[in-house]
Amino acid sequence: MLSVRALQKSYRSGPDRVSVLRGVDLDVAPGESVALTGESGSGKSTLLHLIAGLDAADAGEVRFGDTLISQLSDAGRAAFRRDHLGLVFQQFNLIPSLSVADNLAFQSRIAGRHDAAWQAELIERLGLGSLLKRYPEQLSGGQQQRVAIGRALAVKPLLLLADEPTGNLDEATADEVMSLSRDLVSRTGCGFLMVTHSARLAAMLDRRVHLHAGLIA
Ligand SMILES: Nc1ncnc2c1ncn2[C@@H]1O[C@H](COP(=O)(O)OP(=O)(O)OP(=O)(O)O)[C@@H](O)[C@H]1O
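Residues numbered from 1 in each chain as written. Predicted model: local features only at pLDDT ≥ 70, side-chain atom pairs only at ≥ 80, totals over all residues.

- The name an unreviewed UniProt entry gives the protein chain is Putative ABC transport system ATP-binding protein, with Rhodopseudomonas rhenobacensis as the organism.
- The annotation that UniProt attaches to the protein chain under Sequence similarities (unreviewed entry) is "Belongs to the ABC transporter superfamily. Macrolide exporter (TC 3.A.1.122) family." (UniProt positions renumbered as here; feature names shortened; annotations may be inferred.)

### A look at the overall build of the protein chain
Turning to step 1, where the next piece is worked out: Scanning the protein chain from terminus to terminus reveals seven helices and ten strands.
Turning to step 2, where the next piece is worked out: In terms of C-alpha radius of gyration, the protein chain reaches 17 Å, essentially the compact-globule figure of 17 Å for 217 residues.
Turning to step 3, where the next piece is worked out: Taking the principal axes of the C-alpha coordinates as reference, the protein chain spans close to 50 × 35 × 35 Å.
Turning to step 4, where the next piece is worked out: Across the protein chain, contacts joining residues at least 24 apart in sequence account for 73% of those joining residues at least 6 apart. (Helix = DSSP H or I, 4+ residues; strand = E, 2+ residues; numbered from the N terminus. Rg over C-alpha atoms; globule rule 2.2 N^0.38 Å. Contact = placed C-beta atoms within 7 Å.)

### Considering the packing of helix α5 (residues 141-154) against helix α6 (residues 171-188)
Turning to step 1, where the next piece is worked out: Where α5 meets α6, the closest approach of the two axes is 11 Å, and the angle between their N-to-C directions is 10°. One finds that α5 runs roughly parallel with respect to α6. Residues G142, Q145, R146, I149 and L153 of α5 pack against T173, V177, S181, L184 and T188 of α6.
Turning to step 2, where the next piece is worked out: Its residues assigned to classes, the contact of α5 with α6 comprises four nonpolar, five polar and one charged. (Axes fitted to C-alpha atoms, helices over the stretch in contact; angles between N-to-C directions. Parallel < 35°, antiparallel > 145°, perpendicular 65-115°, else oblique. Nonpolar A, V, L, I, M, F, W, Y, C, P; charged D, E, K, R; others polar.)

### Overview of the pairing of strand β6 (residues 85-88)
Each regular strand shows side chains that alternate between the opposite faces of the sheet.
Turning to step 1, where the next piece is worked out: Along β6, one buried face is formed by L85 and L87 and the opposite face, lined by G86 and V88, is buried too.
Turning to step 2, where the next piece is worked out: With four bridges joining them, β6 and strand β7 (residues 159-163) adopt parallel strand pairing. Within β7, the residue paired with L85 across the bridge is L159. (Buried ≥ 20, exposed ≤ 12 C-beta atoms within 10 Å, placed from the backbone. Pairing = 2+ DSSP bridges.)

### Considering the sheet that holds β7
Turning to step 1, where the next piece is worked out: Taking strand neighbours across the sheet as the criterion, the six strands line up as β6-β7-β8-β3-β9-β10 in an open arrangement whose pairing is mixed. The sheet is open, and its two edges are formed by β6 and β10 (215-216), each paired on a single side.
Turning to step 2, where the next piece is worked out: Of the strands in this sheet, β6 and β7 are in contact with α5, which crosses β6 at around 170°.

In structure tokens form, the structure reads like this:
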């Protein structure tokens, strides 16, 4: 479903260009969960941003089925992201002026794919029922994270992309959120690609890939 081929990205650093990704190949199948590890600065977030279409690659391909993301315009990538991808990044990016209920439904409504029964199930599984009228600033970090995961899954994405999603949580909460995410991912059959520094969390997923020196080992 996700197919990344020969992906390259460099950044300008003063007069030089620093090559971060030097030809990355990666596949994620429907229903498969993959941990992306690598030392700090190895380019994990860069790769996630390119897959999400938040930035453009210098060369190479990002493909979802027949859709070649890497050749879409900025607007085309934004529309694809809105309709088909679920993102959970380190800053949960909840909308401060919207209640939990409206944050959960926001993306799926814009995508025209709001499913009230599915949203109700997510609310129950994520334990958000008593929080629906609150605003993001009234939630703990773990609660905000559960809302971010619910919002990402509400759209029934092709792929759930998560960047250190449990970074701010204690071990027990992180484990609970992880097993819940895995469960929901296997229920919907979407792919799951998660950046983590934790070998323990990586071991909870189907497969682990390691980014080193600009390549996936
Ligand atoms: N917009 C940018 N402009 C210039 N350099 C950048 C930019 N974004 C990232 N970099 C550089 O690219 C390299 C890879 O960064 P990236 O954030 O992808 O790594 P990472 O593996 O996610 O790191 P960490 O685990 O510390 O979050 C780093 O050297 C970083 O400084």
